[in-house]
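A structural walkthrough
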Amino acid sequence: AQSVTQPDIHITVSEGASLELRCNYSYGATPYLFWYVQSPGQGLQLLLKYFSGDTLVQGIKGFEAEFKRSQSSFNLRKPSVHWSDAAEYFCAVGDSSASKIIFGSGTRLSIRP
Amino acid sequence: DTEVTQTPKHLVMGMTNKKSLKCEQHMGHRAMYWYKQKAKKPPELMFVYSYEKLSINESVPSRFSPECPNSSLLNLHLHALQPEDSALYLCASSQRQGASGYTFGSGTRLTVV
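All of the points below concern the structure found in this document. Quick caveat, the model's predicted, so the values are computed rather than measured.

Time to look at the interface of chain A and chain B. With 19 residues of chain A at the interface, the matching set in chain B holds 22 residues. When chain A packs against chain B, close to 1,500 Å² is buried across both sides, 57% of that on carbon and sulfur atoms. Considering only the side of chain A, the residues that lose the most area to chain B are A:Leu44, A:Lys100 and A:Phe103, jointly responsible for 29% of the buried surface there. Taken together, the links from chain A to chain B amount to 0 salt bridges. The tally of links from chain A across to chain B stands at 4 residue pairs in polar contact (both at pLDDT 80 or more). Elements represented by at least two residues in the side of chain A that touches chain B include exactly β5 (32–38), β6 (44–50) and β11 (101–103) of chain A.

Moving on, we get to the packing of aromatic side chains. The tally for this structure, following the rule as stated, stands at 17 aromatic pairs over all chains. Measuring from ring centre to ring centre gives 5.5 Å for A:Tyr36 and B:Phe104, while their planes differ by 85°; the resulting arrangement is edge-to-face. Of this pair, A:Tyr36 sits in strand β5 while B:Phe104 sits in strand β10 (residues 103–104), on two different chains. Each ring, one from A:Phe90 and one from A:Phe103, has its centre 6.2 Å from the other, and the planes form 85°; the classification is edge-to-face. Within this pair, whereas A:Phe90 is found in strand β10 (residues 87–94), its partner A:Phe103 is found in strand β11, the two being separated by 13 residues in sequence. Summarising the burial analysis for this pair, A:Phe90 and A:Phe103 share the class buried. One aromatic cluster in this structure is built from A:Tyr32, A:Phe34, A:Tyr36, A:Phe51, A:Phe90, A:Phe103, B:Tyr33, B:Tyr35, B:Tyr102 and B:Phe104.

Residue and element names in this part refer to chain A. Relative to strand β12 (residues 107–112), strand β2 (residues 10–14) is paired through 5 bridges, and the arrangement is parallel. Across the sheet, residue Ser 14 finds its bridge partner in β12, namely Arg 112. Sheet topology places β10 next to β12; 3 bridges connect them, and they run antiparallel. Bridging across to β12, Tyr 89 finds its partner in Thr 107.

Turning next to the pairing of strand β9 (residues 87–94) of chain B. Residue and element names in this part refer to chain B. Within β9, 8 of the 8 residues are buried, which leaves the element mostly enclosed by the surrounding structure. Residues Ala 87, Tyr 89, Cys 91 and Ser 93 point to one face of β9 and Leu 88, Leu 90, Ala 92 and Ser 94 to the other, with burial holding for every one of them. Of the pairings in the sheet, the one linking strand β4 (residues 31–37) to β9 comprises 7 bridges and is antiparallel in character. Across the sheet, the residue bridging to Gln 37 is Leu 88, located in β9. As paired elements, β9 and β10 share 2 bridges and run antiparallel to each other.

The next thing to look at is the sheet that holds strand β1 (residues 4–7) of chain B. In a beta sheet, neighbouring strands pair by backbone hydrogen bonds and run either parallel or antiparallel. Residue and element names in this part refer to chain B. Pairing within the open sheet is antiparallel, and its 4 strands lie in the order β1-β3-β8-β7. Looking at the sheet topology across the chains shown, the edges are occupied by β1 and β7 (64–70). Pairwise comparison of adjacent strand axes, ignoring direction, gives a mean angle of 20° for this sheet. Note that β1 and strand β3 (residues 18–25) share 4 bridges and pair antiparallel. Counterpart to Thr 7 in the pairing with β3 is Lys 22.

Reading the values: the criteria
- Residues numbered from 1 in each chain as written.
- Chains lettered and ligands numbered in written order.
- Predicted model: local features only at pLDDT ≥ 70, side-chain atom pairs only at ≥ 80, totals over all residues.
- Heavy atoms only, no water.
- Contact = heavy atoms within 4.5 Å.
- Buried area = accessible area lost by both parts, 1.4 Å probe.
- Salt bridge = Lys/Arg side-chain N within 4 Å of Asp/Glu carboxyl O.
- Polar contact = N/O pair within 3.5 Å; in protein donor to acceptor, adjacent residues only side chain to side chain.
- Helix = DSSP H or I, 4+ residues; strand = E, 2+ residues; numbered from the N terminus.
- Phe/Tyr/Trp six-rings, centres within 6.5 Å; stacked < 30°, edge-to-face > 60°.
- Buried < 20%, exposed > 50% of the residue type's maximum accessible area, 1.4 Å probe, protein only.
- Pairing = 2+ DSSP bridges.
- Axes fitted to C-alpha atoms, helices over the stretch in contact; angles between N-to-C directions.

Following this line, the structure appears as C-alpha coordinates:
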(Lines give C-alpha, C1' and ligand atoms only; values in the text may rest on other atoms or scores of the structure.)
Protein backbone atom coordinates (compact mmCIF):
# COMPACT_ATOMS: atom_id res chain seq x y z
CA ALA A 1 0.00 0.00 0.00
CA GLN A 2 1.11 3.51 -0.67
CA SER A 3 1.85 6.07 2.03
CA VAL A 4 3.11 9.63 2.18
CA THR A 5 5.01 11.56 4.85
CA GLN A 6 5.32 15.29 5.31
CA PRO A 7 7.99 15.73 7.98
CA ASP A 8 7.37 19.42 8.66
CA ILE A 9 4.21 20.24 10.62
CA HIS A 10 4.65 24.02 10.49
CA ILE A 11 6.98 26.27 8.53
CA THR A 12 7.34 30.05 8.74
CA VAL A 13 9.08 32.00 5.99
CA SER A 14 9.46 35.69 5.30
CA GLU A 15 7.52 37.25 2.48
CA GLY A 16 9.67 37.23 -0.65
CA ALA A 17 11.82 34.36 0.57
CA SER A 18 12.05 31.01 -1.16
CA LEU A 19 10.08 28.00 0.01
CA GLU A 20 10.55 24.25 -0.02
CA LEU A 21 8.02 21.85 1.49
CA ARG A 22 9.12 18.26 1.87
CA CYS A 23 7.21 15.15 0.88
CA ASN A 24 8.35 11.53 0.96
CA TYR A 25 6.31 8.66 -0.38
CA SER A 26 6.35 4.93 -0.13
CA TYR A 27 5.23 2.86 -3.08
CA GLY A 28 6.75 -0.02 -5.03
CA ALA A 29 6.22 1.34 -8.52
CA THR A 30 6.01 4.81 -10.00
CA PRO A 31 3.34 6.60 -8.02
CA TYR A 32 0.96 9.32 -9.00
CA LEU A 33 1.90 12.36 -6.89
CA PHE A 34 -0.01 15.51 -6.09
CA TRP A 35 0.26 18.73 -4.09
CA TYR A 36 -2.90 20.38 -2.82
CA VAL A 37 -3.40 23.63 -0.91
CA GLN A 38 -6.17 24.35 1.57
CA SER A 39 -7.09 27.72 3.04
CA PRO A 40 -8.86 27.69 6.43
CA GLY A 41 -12.38 26.26 6.23
CA GLN A 42 -12.10 25.69 2.50
CA GLY A 43 -11.79 22.76 0.14
CA LEU A 44 -8.55 21.62 -1.44
CA GLN A 45 -7.10 23.09 -4.61
CA LEU A 46 -4.78 21.09 -6.85
CA LEU A 47 -1.42 22.86 -7.29
CA LEU A 48 0.29 20.31 -9.49
CA LYS A 49 0.56 16.62 -10.27
CA TYR A 50 3.13 14.12 -11.52
CA PHE A 51 2.31 10.96 -13.43
CA SER A 52 5.33 10.37 -15.67
CA GLY A 53 7.80 12.14 -17.93
CA ASP A 54 9.68 15.28 -16.95
CA THR A 55 10.50 15.06 -13.26
CA LEU A 56 10.21 18.83 -12.76
CA VAL A 57 6.54 19.75 -12.74
CA GLN A 58 5.17 23.27 -13.01
CA GLY A 59 1.95 24.15 -11.27
CA ILE A 60 -0.33 27.05 -10.60
CA LYS A 61 0.50 30.13 -8.51
CA GLY A 62 4.22 29.87 -9.34
CA PHE A 63 4.77 26.53 -7.60
CA GLU A 64 6.88 23.69 -8.91
CA ALA A 65 7.81 20.23 -7.63
CA GLU A 66 10.55 17.79 -8.46
CA PHE A 67 10.11 14.02 -8.46
CA LYS A 68 13.24 12.23 -7.25
CA ARG A 69 12.84 8.48 -7.46
CA SER A 70 16.17 7.77 -5.72
CA GLN A 71 15.04 9.74 -2.67
CA SER A 72 11.33 8.83 -2.88
CA SER A 73 10.61 12.52 -2.66
CA PHE A 74 8.34 15.05 -4.30
CA ASN A 75 9.22 18.40 -2.73
CA LEU A 76 7.26 21.54 -3.48
CA ARG A 77 9.11 24.79 -4.18
CA LYS A 78 8.39 28.43 -4.82
CA PRO A 79 11.11 31.02 -5.47
CA SER A 80 9.36 33.92 -3.71
CA VAL A 81 6.37 33.53 -1.40
CA HIS A 82 3.53 36.01 -1.02
CA TRP A 83 1.42 36.61 2.09
CA SER A 84 -1.49 34.96 0.26
CA ASP A 85 0.43 31.66 0.17
CA ALA A 86 -0.23 31.13 3.87
CA ALA A 87 -2.29 27.93 4.03
CA GLU A 88 -2.12 24.20 4.68
CA TYR A 89 -0.31 22.18 2.04
CA PHE A 90 -0.97 18.49 1.47
CA CYS A 91 1.12 16.05 -0.51
CA ALA A 92 -0.83 13.06 -1.81
CA VAL A 93 -0.04 9.78 -3.53
CA GLY A 94 -2.10 7.46 -5.69
CA ASP A 95 -1.10 4.03 -6.89
CA SER A 96 -0.92 3.02 -10.52
CA SER A 97 -4.36 1.46 -10.41
CA ALA A 98 -5.37 4.84 -9.10
CA SER A 99 -8.31 3.61 -7.11
CA LYS A 100 -7.80 6.26 -4.46
CA ILE A 101 -5.50 9.04 -3.28
CA ILE A 102 -3.92 9.09 0.17
CA PHE A 103 -2.98 12.40 1.78
CA GLY A 104 -0.01 13.25 3.96
CA SER A 105 -0.55 14.90 7.32
CA GLY A 106 -0.02 18.37 5.89
CA THR A 107 2.36 21.29 6.42
CA ARG A 108 1.04 24.59 7.67
CA LEU A 109 2.78 27.54 6.03
CA SER A 110 2.90 30.90 7.78
CA ILE A 111 4.31 34.03 6.16
CA ARG A 112 6.29 36.56 8.17
CA PRO A 113 5.73 40.15 6.97
CA ASP B 1 -18.39 24.71 -15.32
CA THR B 2 -15.26 23.60 -13.44
CA GLU B 3 -16.65 23.44 -9.95
CA VAL B 4 -17.86 20.96 -7.41
CA THR B 5 -20.75 22.48 -5.46
CA GLN B 6 -21.58 21.30 -1.96
CA THR B 7 -24.67 22.21 0.03
CA PRO B 8 -25.26 23.20 2.71
CA LYS B 9 -22.05 24.99 3.71
CA HIS B 10 -22.84 24.60 7.40
CA LEU B 11 -25.10 22.11 9.18
CA VAL B 12 -25.93 21.65 12.85
CA MET B 13 -27.88 18.54 13.70
CA GLY B 14 -28.94 16.64 16.77
CA MET B 15 -27.99 13.04 17.36
CA THR B 16 -31.52 11.85 16.51
CA ASN B 17 -31.86 13.89 13.33
CA LYS B 18 -31.73 12.72 9.73
CA LYS B 19 -30.04 15.04 7.28
CA SER B 20 -28.36 14.87 3.87
CA LEU B 21 -25.33 16.47 2.31
CA LYS B 22 -25.40 17.20 -1.40
CA CYS B 23 -22.62 17.38 -3.95
CA GLU B 24 -22.98 18.32 -7.62
CA GLN B 25 -20.61 18.61 -10.57
CA HIS B 26 -21.19 19.26 -14.25
CA MET B 27 -17.73 18.53 -15.59
CA GLY B 28 -18.64 15.11 -16.96
CA HIS B 29 -16.55 13.41 -14.28
CA ARG B 30 -17.47 9.76 -13.72
CA ALA B 31 -15.87 9.28 -10.30
CA MET B 32 -17.01 11.02 -7.13
CA TYR B 33 -15.68 10.85 -3.60
CA TRP B 34 -16.59 11.66 -0.01
CA TYR B 35 -13.83 12.65 2.40
CA LYS B 36 -14.04 13.50 6.09
CA GLN B 37 -11.61 16.01 7.56
CA LYS B 38 -11.20 16.67 11.26
CA ALA B 39 -9.54 19.87 12.43
CA LYS B 40 -5.81 20.04 11.72
CA LYS B 41 -5.89 16.60 10.07
CA PRO B 42 -5.68 15.45 6.45
CA PRO B 43 -8.79 14.38 4.56
CA GLU B 44 -9.71 10.73 5.07
CA LEU B 45 -11.43 8.83 2.29
CA MET B 46 -14.92 7.54 3.09
CA PHE B 47 -16.53 6.44 -0.18
CA VAL B 48 -15.77 6.28 -3.88
CA TYR B 49 -18.35 6.05 -6.65
CA SER B 50 -17.30 5.10 -10.14
CA TYR B 51 -19.88 5.31 -12.94
CA GLU B 52 -22.61 5.69 -10.31
CA LYS B 53 -21.65 2.48 -8.56
CA LEU B 54 -20.11 2.27 -5.10
CA SER B 55 -16.49 1.28 -5.65
CA ILE B 56 -14.88 1.79 -2.26
CA ASN B 57 -16.30 1.95 1.26
CA GLU B 58 -13.52 2.56 3.75
CA SER B 59 -15.31 0.70 6.56
CA VAL B 60 -17.48 3.69 7.29
CA PRO B 61 -20.19 3.24 9.98
CA SER B 62 -23.67 2.61 8.63
CA ARG B 63 -24.94 5.88 10.08
CA PHE B 64 -23.37 7.37 6.95
CA SER B 65 -25.17 6.27 3.79
CA PRO B 66 -23.97 7.44 0.36
CA GLU B 67 -26.10 7.66 -2.73
CA CYS B 68 -25.28 8.49 -6.34
CA PRO B 69 -28.57 9.10 -8.18
CA ASN B 70 -26.83 10.12 -11.42
CA SER B 71 -23.39 10.96 -12.77
CA SER B 72 -23.61 14.58 -11.61
CA LEU B 73 -24.95 14.16 -8.12
CA LEU B 74 -23.66 12.58 -4.93
CA ASN B 75 -25.49 12.56 -1.62
CA LEU B 76 -24.44 11.58 1.88
CA HIS B 77 -27.33 10.67 4.14
CA LEU B 78 -26.74 11.09 7.85
CA HIS B 79 -28.65 9.42 10.66
CA ALA B 80 -28.03 9.00 14.38
CA LEU B 81 -24.66 10.68 14.26
CA GLN B 82 -22.37 11.16 17.25
CA PRO B 83 -20.63 14.35 18.36
CA GLU B 84 -17.31 12.88 17.19
CA ASP B 85 -18.69 12.87 13.65
CA SER B 86 -18.45 16.65 13.65
CA ALA B 87 -16.03 17.53 10.84
CA LEU B 88 -15.64 19.12 7.44
CA TYR B 89 -17.10 16.80 4.81
CA LEU B 90 -15.51 17.21 1.42
CA CYS B 91 -16.79 16.00 -1.89
CA ALA B 92 -14.49 15.57 -4.89
CA SER B 93 -14.75 14.37 -8.45
CA SER B 94 -12.36 13.19 -11.15
CA GLN B 95 -12.58 12.18 -14.78
CA ARG B 96 -12.16 8.60 -13.78
CA GLN B 97 -11.42 6.86 -10.51
CA GLY B 98 -8.13 7.98 -9.00
CA ALA B 99 -5.35 9.12 -11.22
CA SER B 100 -6.28 12.36 -12.89
CA GLY B 101 -6.36 14.49 -9.76
CA TYR B 102 -9.48 15.49 -7.93
CA THR B 103 -11.53 18.66 -8.00
CA PHE B 104 -12.76 19.38 -4.49
CA GLY B 105 -15.79 21.24 -3.29
CA SER B 106 -15.59 23.75 -0.45
CA GLY B 107 -17.07 21.29 1.98
CA THR B 108 -19.91 21.12 4.49
CA ARG B 109 -19.01 22.01 8.06
CA LEU B 110 -21.05 19.57 10.16
CA THR B 111 -21.63 19.98 13.87
CA VAL B 112 -23.43 17.23 15.78
CA VAL B 113 -24.93 18.35 19.09
